[in-house]
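# Secondary and tertiary structure notes
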Amino acid sequence: MNRIVQIVHAIEGYDPDALPVDKARAAIRACLTPVTATERVPVREALGRVLAQDIVPGIDVPGHDNTAMDGYAVRFADLQAEATVLQEVGAALAGKAFTGTVGPGQCVRVTTGAVMPAGTDTVVVQEVVKIVEGKITIPPGQKAKQNVRYAGEDLKKGVPVLRPGRALSPADLGLVASLGIGELEVRRRVRVAFFSTGDELASIGTALKAGEVYDSNRYTLHGMLARLGVEIRDLGVVRDDPAQLEAAFRDAAANADAILTTGGVSVGEADFVKPMMAKLGEALFWRIAMRPGRPMAFGRIGNAFLFGLPGNPVAVMVTFYQFVREALLVLGGRAGDCAPLLLEATAAEPLRKVAGRTEFQRGVLCREDGVLKVRITGQQGSGVLRSMSEANCFIVLEHARGRVLAGESVQVQPFEGLV
Ligand code: AMP
Ligand code: MG
């Protein structure tokens, strides 16, 4: 037996003809091995990339105790229960320190970010201070050490702050920059090749013949893949022809970490896609207990993982978001849980649902009277791509659940944030 088949068959309760969504997800996950190659990129270009090094601060940030407000740096011990009159002996600005030492009864004018003058420990905001004939009057009620930011309170020298496997956020870029680091080691991007299969497909720019449809799957795939930040190779429409399919699969496998195809994996489909997958590599053909998106192939050709998605346009998007997205993130070296965020919402209307499969209905989530409510986007056929276009979330109806009544709680996956 070959590797993927072996791993997947070892999963408890694995049944290719009635595979629950969770099990399919676990099966894929068990087979994946992330790319290991890395490259160095400037900090700006590291946004969204997967960090491949530890970030250990070589300095404290901030590097010195400094003031959090504009006002006066004082010695707290000087302050009385009533107002206290102090003598101003100088100023400290951000980037321009006060060089002397502040003695009893003295204070220093400070601006936000200025190094705390030697001898002071507390900052009084300028708004409460009275200045009469050059004398500084501090009102009662100040707290020791107020309005001071301490050296290393953001980042501490020697204490790791970012770990490998992290997808870098805008905040991370700033954090790295605050350490004076200009370049980062990141994993190389995952390479994905994809094509559509089907004799009924026409490419944009050609006139439709009877019975043909324009290929839309390569465009939704392009959009979803582009957002994931992977390298994309679009191999076009491939006819249901053994020679053409073999050439496309071999070309894709030679250069990619993952191959995505759409169409031709339905049960009982009498074309060449499935036999070709099996001939060139290892392929499992699943009937997943879900709707839409029941048929799917998973396997490997050469070094590339293979995802044979269904042909129906909505099923393509659903299977991509539920299986492929997470798989590509894992392949890219992302650590931790990459599953889509699930929120709870209230069904604003009854929802038809059959127990024994997970359904991904297309929903519109909105806030009504302070409550998150969701309703479906009309016709839910797996060929109705408009149902995806109009939606802003999936309504995820669990495997065991039957029909849903208005007012019941349901889980939703918002599209926003579903990179
Ligand atoms: P299949 O999975 O090949 O049986 O295809 C199921 C349905 O999806 C059929 O109605 C196909 O015409 C349609 N379909 C397959 N591939 C595409 C595509 N690339 N773009 C648009 N529709 C497609
Ligand atoms: Mg077909």
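You'll find the structure just up there.
The sections below set out a description of the structure shown in this document. (Residues numbered from 1 in each chain as written. Chains lettered and ligands numbered in written order. Predicted model: local features only at pLDDT ≥ 70, side-chain atom pairs only at ≥ 80, totals over all residues. Heavy atoms only, no water.)

Moving on, we get to the sheet that holds strand β7 (residues 130–132). Strand order in the open sheet made by the six strands is β6-β3-β5-β4-β8-β7, with mixed pairing throughout. Strand pairing shows two members of the sheet lacking a second neighbour, β6 (122–125) and β7, which therefore form its edges. Pairwise comparison of adjacent strand axes, ignoring direction, gives a mean angle of 40 degrees for this sheet. Sheet topology places β7 next to strand β8 (residues 135–138); three bridges connect them, and they run antiparallel. By the bridge assignment, I131 is partnered in β8 with I136. (Pairing = 2+ DSSP bridges. Helix = DSSP H or I, 4+ residues; strand = E, 2+ residues; numbered from the N terminus. Axes fitted to C-alpha atoms, helices over the stretch in contact; angles between N-to-C directions.)

Take the pairing of strand β22 (residues 371–376) next. Both strand β20 (residues 343–347) and β22 contribute to a ladder of two bridges, which runs parallel. The residue of β22 that forms the bridge with T346 is K373. Sheet topology note: the strand β21 (residues 358–368)/β22 ladder contains six bridges and is antiparallel. Across the sheet, G363 pairs through a bridge with I376, a residue of β22.

Glancing now at the nonpolar core. Grouped together as the largest cluster of nonpolar side chains are 51 residues, with contacts concentrated most on W286, F307, F320 and L328. Ranked by residue count, the leading element in this core is helix α7 (residues 313–331), at 13 residues. Those residues within four positions of F320 in sequence are excluded, and the remaining contacts are L221, M224, L225, L228, L260, R325 and L328. Ranked by size, the runner-up nonpolar core spans 20 residues in total, among them A256, M277, L280 and A297. (Core = buried A, V, L, I, M, F, W, Y, C linked by side-chain atoms within 4.5 Å. Buried < 20%, exposed > 50% of the residue type's maximum accessible area, 1.4 Å probe, protein only. Contact = heavy atoms within 4.5 Å.)

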